[in-house]
There are 2 protein chains.
Amino acid sequence: MMNVQLLVSSLLEHAEKFFPKKEVISPMPSGIVRHTYAEIGKRTRQLSSALEKIGIQREDRVGTLAWNHNRHLEVYFAAPGMGAVLHTINIRLSPEHIVYIINHAEDKVLFIDEDILPLVELIKDHLKSVEAFVIMTDKEELPETTLEPVYSYEKLLQTGDEAYQFVKDIDENAPAGMCYTSATTGNPKGVVYSHRGIVLHSYALGLADTVGVSENDRVMPIVPMFHANAWGLPFAATWFGSTQVMPGPRFTPKILAQLIEEEKVTKTGGVPTICLALLKEWEEGNYDTSSLNAILCGGSAAPRGMIQTFEQKYNISFLHAYGMTETSPLATFSRLKSYQMDLSQEDKLDERAKQGILVPGLEFKVIDGQGEVEWDGKSMGELLIKGPWIADEYYKDERTKEAFQDGWLHTGDVVTIDEEGVIKILDRTKDLIKSGGEWISSVDLENALMAHEAVFEASVVAVPHAEWQERPVACVVLKDSYKDNVTKEDLLSFITPMFAKWWLPDDVVFMEEIPKTSVGKFLKRALREKLKDHFAAESL
Amino acid sequence: MMNVQLLVSSLLEHAEKFFPKKEVISPMPSGIVRHTYAEIGKRTRQLSSALEKIGIQREDRVGTLAWNHNRHLEVYFAAPGMGAVLHTINIRLSPEHIVYIINHAEDKVLFIDEDILPLVELIKDHLKSVEAFVIMTDKEELPETTLEPVYSYEKLLQTGDEAYQFVKDIDENAPAGMCYTSATTGNPKGVVYSHRGIVLHSYALGLADTVGVSENDRVMPIVPMFHANAWGLPFAATWFGSTQVMPGPRFTPKILAQLIEEEKVTKTGGVPTICLALLKEWEEGNYDTSSLNAILCGGSAAPRGMIQTFEQKYNISFLHAYGMTETSPLATFSRLKSYQMDLSQEDKLDERAKQGILVPGLEFKVIDGQGEVEWDGKSMGELLIKGPWIADEYYKDERTKEAFQDGWLHTGDVVTIDEEGVIKILDRTKDLIKSGGEWISSVDLENALMAHEAVFEASVVAVPHAEWQERPVACVVLKDSYKDNVTKEDLLSFITPMFAKWWLPDDVVFMEEIPKTSVGKFLKRALREKLKDHFAAESL
């Protein structure tokens, strides 16, 4: 067979040739803008060419601090298209971590959304490698800034050649992208994506039995483009010619609901917290949701009640998936097998609440201290993953040796696996609750609590306990209309039939909000810290 | 990203783990047999192990002379699973060519269906490299044979270890398969498939926008497993957990129609001649075709009338594709773009009669003497293809330099390409008719003739002509019920409105049958030979 390398630029070239009329839609401060793939292609080529002209070289890191919109998509292809590395930076991290990331990746140029400029002004004196700043503004003139040298995105584009030819003498294993993921303690850890990994992952997203990204689709990635390449959706959607509906800067649930209605979005994807917020918006407003046929959800386990609402009330397929920054991210995908179609509605929901089977192209195993666990749906173990779109290290980081051992990524996620090969995430290793020598899954308790009609969000954490070592405590946010009407006893008696007695939380603490990480996951570390003396105080 | 090689064995391993209950169904002389993927997995491992025991080594060629059934599928995975090369041999070729192929590939072992044994007995004294014969018989005892040494498939299996571990230290570019394709003149030419090519091609078959091979499917590959890996369907169907319904040895249109009805086939695939034969069987019999939702058709251009019957009469999606042995084979695939959905029925049929756009992962271009042709749907040129599942040579063959130039496969097919990037096959380069210095497409004329209700098959060929150099002559097989009722004038006046006058065939010759190649394509060479003095005779 021919020695043809799998390169990111080929995805855009395919769209330019076969889907030149299809659009990328971005709601920007100046209004909704629409670009065809023919235009995106020319602009991307201009940008690659302009990057070369300002001195960016192969394998140089090109940083982005930006929301989801067409310009960010252009950088997605322009940087790897000229042999450089797209480095998406999570704008929700602390300024200290952002400084660390930029210096550690040695970014040569930063692409900055206008509203993120103040942050960059704040940290600019600490940046060691950056040689140029590009402001992604809609306006003709640059905003006032002390950054130097600084370019306006559109003016920079005009210096480039729209007939630029993407470089092809690149090894498919060369770096094409980079993303840092926050660590429990210490600085974020860098993951490097290769051209090969991105292309293979894009195939995986196009399979009929996974997300099935199609030319028919109008895809809206809610998941930010600064987080694990927006789950790879921009790459796959471009390749397969889907219309892309970008949420734009500083989107709200209201904006998302409007975009779904007005732009007739067919597929979207986000973490459970944003899916919940979208449902809340739909409940409170009056939106047409009929175009949406599927919502891809991952990042943390989705509560069963939410899945039920999407599927049964709104008739939207809930595509429950699992992955992490280190896995590009799609690793497992939940779908019913053909012979499960006659399961009861309840049993189907139970299946959909699991994280599914392995995506074709990867390998996994679930291990405990004794080796691989039984596929019985009960035995717990840590999930290990291997495959061509799985990271093999953290970039220049000593923590590599903790997570990558013997050719496997140790995910840190505790799962069960059943006889169908379907995994169910129980917890992060560090979030499991160890009570009297037995494990309790916080995720199971959370899902049970969130099935109660009064509960908006619930997070269960381990709290140190004199007698039992650790005991579960539930942190609960009630829906507005239920505040003052529901007691902790109501909630505990609701979930009592579902668990062994010793699994039940010792207490329920009501909160206004559950603290979250920069990508919308429950920040359990903060909850544990807050509650660490909960039982100590009681015993006083 | 991890350095994980794309290997054929991983496809079967995925099915063993995640689809162990799904079945492969084979109608054998002893009756229909059903094996689960769990069983297929064990049997394949036994076979890999047994092959090692009889001395087969890495990269040795393992030849098969067999129909579509589970044992052939087991060899599909057992040979590459132990590092050897699956070499499928076209049993419809002449004995001389089969001898050439086996000796040229240096097959070490031959797997032979019982009904093909007489052929092998006939040629055995000419085979130079074969060290063992395996008869794929259902019976306990071996049939009488002079082959030596000879094994019974099932007994050989029993000598193997069902816990055999497939070898993993293989480079993904190593050979996994081989298939010879017949040449216009001379011996067949060998194409070598790599592990990487087969895995990537399988991804392409699973995409929502191509064949979308799915776990939901019950796939029946009519296209023989000795021809271009049955278009890769056995690999993809196994990987994605589809039920596989094999047509078994010496199938007939009646058997196919029965299998579709009884085994509730959802997707099938074959060349236009077999699709026509299937339609004829349906018309004459009384079959339930309701399970079938798609028929994949390629190998030569499908007539518009046939597409219409499948789509409009039977409500079966007609998946028109293009490829050749050298392209694994899937290269282009016809589907309507989302914005073409409001075309008229007629326009949609016109689109479906084209061969479609490029499958994601490949590159093509269409060239004439001046360079790339316009994408105007009119300019004709030869189709060139490049990609990771496209051959880069003919195995140890000097004809490599004719077809593979500057990194491109020169397909020898003349096409037009329209503004949507959709190609339409007009002819093989050598089948184009050159009349008075202008090109005439035989395929266009054939499709027009086949749209007449009386016509079962039509083939148009160039016949030497004193004045015009070449002129088209149509060879037509009428449907039984129309014989003696339809004249050549009827047919010519039917197509007259569709073409320029000088395109119309100078004559129509009625035949009982059109000679075909071993894979069901019109054998135009034979027709040209037969008709070469047609105009010479007339002018006498």
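In this text, all values refer to a predicted model and were calculated from it rather than measured experimentally.

1. What about the overall build of chain A?
Check the secondary structure of chain A and you find 18 helices and 27 strands. In summary, chain A has a C-alpha radius of gyration of 23 Å against a globular reference of 24 Å for 540 residues, a match within 12%. Taking the principal axes of its C-alpha atoms as reference, chain A extends roughly 70 × 50 × 50 Å. For chain A, the residues scored as buried account for 62% of the 540 residues in total. Sequence-distant contacts in chain A: of pairs separated by 6 or more residues, those separated by 24 or more amount to 68%.

2. Thoughts on the sheet that holds strand β7 (residues 150–152) of chain A
What links the strands of a sheet is backbone hydrogen bonding, and the strands pair in either a parallel or an antiparallel sense. All names here are of chain A. If you trace the seven strands from one edge of the open sheet to the other, you get β7-β6-β5-β3-β4-β8-β9, paired in mixed fashion. The sheet is open, and its two borders are formed by β7 and β9 (189–194), each paired with just one other strand. Averaged over all neighbouring strand pairs, the angle between strand axes comes to 25°, with direction disregarded. Here strand β6 (residues 132–136) pairs with β7 via three bridges, running parallel. Note that in β7 the partner of F133 across the bridge is V150. Set on the sheet, helix α4 (residues 95–105) makes contact with β3 (61–65), β4 (85–88), β5 (107–113) and β8 (175–181); between it and β8 the angle comes to about 150°.

3. Considering the pattern of salt bridges
Residues and elements named next belong to chain A. Under the criterion given, the structure shown has 80 salt bridges over all chains. Close ionic contact of R250 with D115 constitutes a salt bridge, the shortest N to O distance being 2.4 Å. In this pair, R250 sits in the loop between β11 (243–245) and α10 (253–262) while D115 sits in the loop between β5 and α5 (117–123), placing the two residues 135 residues apart along the sequence. Among the charged side chains, a network of salt bridges with common partners joins R43, R71, E74, D138 and E154.

4. What to know about the state of the cysteines
In the structure shown here, the tally under the stated rule is zero disulfides over all chains. This cysteine, B:C275, is not joined by any disulfide, and B:C297 carries the nearest cysteine sulfur, 3.7 Å off.

5. Quick word on the relation of the copies chain A and chain B
Superposing chain A onto chain B takes a rotation of 180° combined with a translation of 0.0 Å along the rotation axis, leaving an RMSD of 0.1 Å. On this basis, the relationship between the two copies can be described by a two-fold rotation axis. In this assembly the copies share their binding face: 98% of the residues contributing to the interface of chain A also contribute to that of chain B.

6. Some points on the domain arrangement of chain A
Annotation of chain A at the domain level lists domain 1 (9–21 + 34–194), domain 2 (362–428) and domain 3 (433–539). Here the C-alpha centre of domain 3 of chain A lies 41 Å away from the C-alpha centre of domain 1 of chain A.

7. Here we look at the interface of chain A and chain B
Of the residues lining the interface, 57 residues belong to chain A; the matching set on chain B comes to 56 residues. When chain A packs against chain B, close to 4600 Å² is buried across both sides, 61% of that on carbon and sulfur atoms. When residues of chain A are sorted by the area they lose upon contact with chain B, A:M1, A:M2 and A:F18 head the list and together hold 20% of the total. Counting across the interface, chain A meets chain B through six salt bridges. The salt bridge involving A:R335 is made with B:E215; its shortest N-O contact spans 3.2 Å. One can count 25 residue pairs in polar contact (both at pLDDT 80 or more) joining chain A with chain B. Those elements giving two or more residues to the side of chain A that touches chain B turn out to be α1 (9–18), β9, α7 (195–206), β16 (357–358), β19 (381–386) and β21 (408–417) of chain A. Broken down by element, the side of chain A that touches chain B gets its largest block of residues, five residues, from α7(A). Of the residues contributing to the side of chain A that touches chain B, the split by class is 31 nonpolar, 14 polar and 12 charged.

Cut-offs applied
- Residues numbered from 1 in each chain as written.
- Chains lettered and ligands numbered in written order.
- Predicted model: local features only at pLDDT ≥ 70, side-chain atom pairs only at ≥ 80, totals over all residues.
- Heavy atoms only, no water.
- Helix = DSSP H or I, 4+ residues; strand = E, 2+ residues; numbered from the N terminus.
- Rg over C-alpha atoms; globule rule 2.2 N^0.38 Å.
- Buried < 20%, exposed > 50% of the residue type's maximum accessible area, 1.4 Å probe, protein only.
- Contact = heavy atoms within 4.5 Å.
- Pairing = 2+ DSSP bridges.
- Axes fitted to C-alpha atoms, helices over the stretch in contact; angles between N-to-C directions.
- Salt bridge = Lys/Arg side-chain N within 4 Å of Asp/Glu carboxyl O.
- Disulfide = S-S within 2.5 Å.
- Least-squares fit on C-alpha atoms with pLDDT ≥ 70 in both.
- Domains from an automatic or database assignment.
- Buried area = accessible area lost by both parts, 1.4 Å probe.
- Polar contact = N/O pair within 3.5 Å; in protein donor to acceptor, adjacent residues only side chain to side chain.
- Nonpolar A, V, L, I, M, F, W, Y, C, P; charged D, E, K, R; others polar.

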